[in-house]
Structures are given as C-alpha cells and as structure tokens.
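Residue-level listing of the chains:
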Amino acid sequence: MNGQRAVYAAVSTGLAVWLVNTAAGQLPDQRFDHLLEKGPLRLLRAPNWRFFGPNPGVSDMHLLYRDIVDGAATPWSEIEAIRERPWYSLFWNAGNRVPKVVFDALQIIVKAAHESGSEMPNLVASSGYRLIRRYLTTCVAHEPGAQHTQFMMLQGHPETAERYRVQPMFASEHIPLKPAQPPADTPAAILAR
C-alpha cells in the first residue's frame, strides 16, 4: 500500500512540476527563460507554443475578386474570411478551416513572389495560387455571363484608430471560368450523354 502511494506521489509531483514548467515557458516575458534551463532545478525546456510566435502579425490580408463580363471588369468585391462565430465555436469551430486555408495560401503566394522576383510563371505554378484559383472558380458566386475572374491581395496596416493604410500586394491573371453546367436531369444534359 505504501509503495502505491509513493509511486502515485512521485508521478503526481513530476506531472505538477512539468505543468508549471510548461506554463512558465509560455509567458510572454522571456527574461526568466534561462532559469528554466540553467537554474538551480535545471528543468528540461518545455516546448514553446506562444500564441504569437517570435514574429507577431501586424497587418491584415484582404482577398478581393472581380469578374470579367463581355470584356468589362466588375467592381472589386472582398471575400469575407471572418464570419460571425456561434457560441459553440469555443469548442468546435470547423467553419474556421476555410479561412485558415485561404490565409495560408495567400502567405504562400507572398513567399513565392519574394523568392521569384514576382515572375508570373513561378507564381502561377505555386500551390497557393492554384488553391486560390480553384477556390474562386468553385466556391465563390460570380456574375451571370462572366467568362473570367481575377483576384487581388491587399495588405492593410492599422496606423491609428482612424487611419488604415492599404497596400496592393498582388493581382492575378484573368482566370477562365467554366460555363455553368446544366443540372443532370435537364434535356440538355441528357442529350449531352
């Protein structure tokens, strides 16, 4: 019986020390990080999962698109990535997957632009560009009769409460849209079989 208590106490103490070590490693203030590695306890360094990482985001990325109808461009429209969140999103937020993928794809395009010197063939071949192109042609509603679409990335920098500076980052080529397919049970679809 005493052996079980000793093991239970040792495991509980070890887990408690590891929990405190992990929590202390996540604090924004990094002045005391060296104590965790070289202090009197010489604790093992816990992984660092600080929310903002080493370089916090200081700008917003905006994705806009427009359609080309009969050779004329429509006004730019922003694709809203952030939607109202339901109360249960604290526990289950599957609706956040698409905005996260779109944001990551935009970051891939920005990285490809920096690496390739903004050469369009290299940008078009990047996985981020292909993903945004597919997203625009399959998930976004377009103007009736649109033959092409185009997207643009803007980076916004909040400078003061009233001032918001916007900087264009990238504008795509004209992306062809497939003509609308008739539903499977219409006469046109039956004749096409």
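The structure under discussion appears in the preceding block.
To start, this report covers the structure provided alongside it. What you are looking at is a predicted structure, and each value in this text was computed from that prediction instead of being measured.

Describing the nonpolar core
In this structure, Ile132, Leu136, Phe151 and Met153 are the most contacted members of the largest nonpolar core, which totals 22 residues. Mapped by element, the contributors of at least two residues to this core are β1 (60-69), α3 (97-116), α4 (120-124), α5 (127-139) and β4 (148-158). Beyond its immediate sequence surroundings of up to four residues, Phe151 is in contact with Leu63, Leu64, Tyr65, Trp76, Ile109, Tyr129, Ile132, Leu136, Phe170, Ala171, Ser172 and Ile175.

Considerations on the packing of α3 against α5
For the pair α3 and α5, the least separation of the axes is 7 Å and the interaxial angle reads 135 degrees. The angle between α3 and α5 falls in the class oblique. The chirality of how α3 crosses α5 is left-handed. Where α3 approaches α5, its residues Val98, Val101, Val102, Ala105, Leu106, Ile108 and Ile109 are matched on the opposing element by Ser127, Gly128, Tyr129, Leu131, Ile132 and Tyr135.

Observations concerning the side chain of Asp67
Tracing the chain through its elements places Asp67 in strand β1. Looking at Asp67, its side chain comes within polar contact range of the side chain of His142, at 2.7 Å. Within the structure, the side chain of Asp67 is placed 3.1 Å from the side chain of Thr149, a separation counted as a polar contact. In contact with Asp67, not counting residues within four places along its chain, are Ala72, Ala73, Thr74, His142, Glu143, Ala146, His148, Thr149 and Leu177.

Details of the packing of aromatic side chains
Inspection of every chain in the model, using the stated rule, returns 3 aromatic pairs. Ring plane angle 80 degrees and centroid distance 6.1 Å describe the contact between Tyr129 and Phe170, whose orientation is recorded as edge-to-face. Placement of the pair is Tyr129 in helix α5 and Phe170 in strand β5 (residues 164-171), with a sequence separation of 41 residues. Taken as a pair, Tyr129 and Phe170 share a single burial class, namely buried. With centroids separated by 5.9 Å and ring planes inclined at 50 degrees, the aromatic side chains of Phe151 and Phe170 adopt a geometry described as tilted. Here Phe151, found in strand β4, pairs with Phe170, found in strand β5; they are 19 residues apart in sequence, far enough to count as distant. One aromatic cluster is present, formed by Tyr129, Phe151 and Phe170 through successive ring pairs.

The rules behind these values
- Residues numbered from 1 in each chain as written.
- Predicted model: local features only at pLDDT ≥ 70, side-chain atom pairs only at ≥ 80, totals over all residues.
- Heavy atoms only, no water.
- Core = buried A, V, L, I, M, F, W, Y, C linked by side-chain atoms within 4.5 Å.
- Buried < 20%, exposed > 50% of the residue type's maximum accessible area, 1.4 Å probe, protein only.
- Helix = DSSP H or I, 4+ residues; strand = E, 2+ residues; numbered from the N terminus.
- Contact = heavy atoms within 4.5 Å.
- Axes fitted to C-alpha atoms, helices over the stretch in contact; angles between N-to-C directions.
- Parallel < 35°, antiparallel > 145°, perpendicular 65-115°, else oblique.
- Left-handed = near helix turned anticlockwise from the far one by under 90°.
- Polar contact = N/O pair within 3.5 Å; in protein donor to acceptor, adjacent residues only side chain to side chain.
- Phe/Tyr/Trp six-rings, centres within 6.5 Å; stacked < 30°, edge-to-face > 60°.

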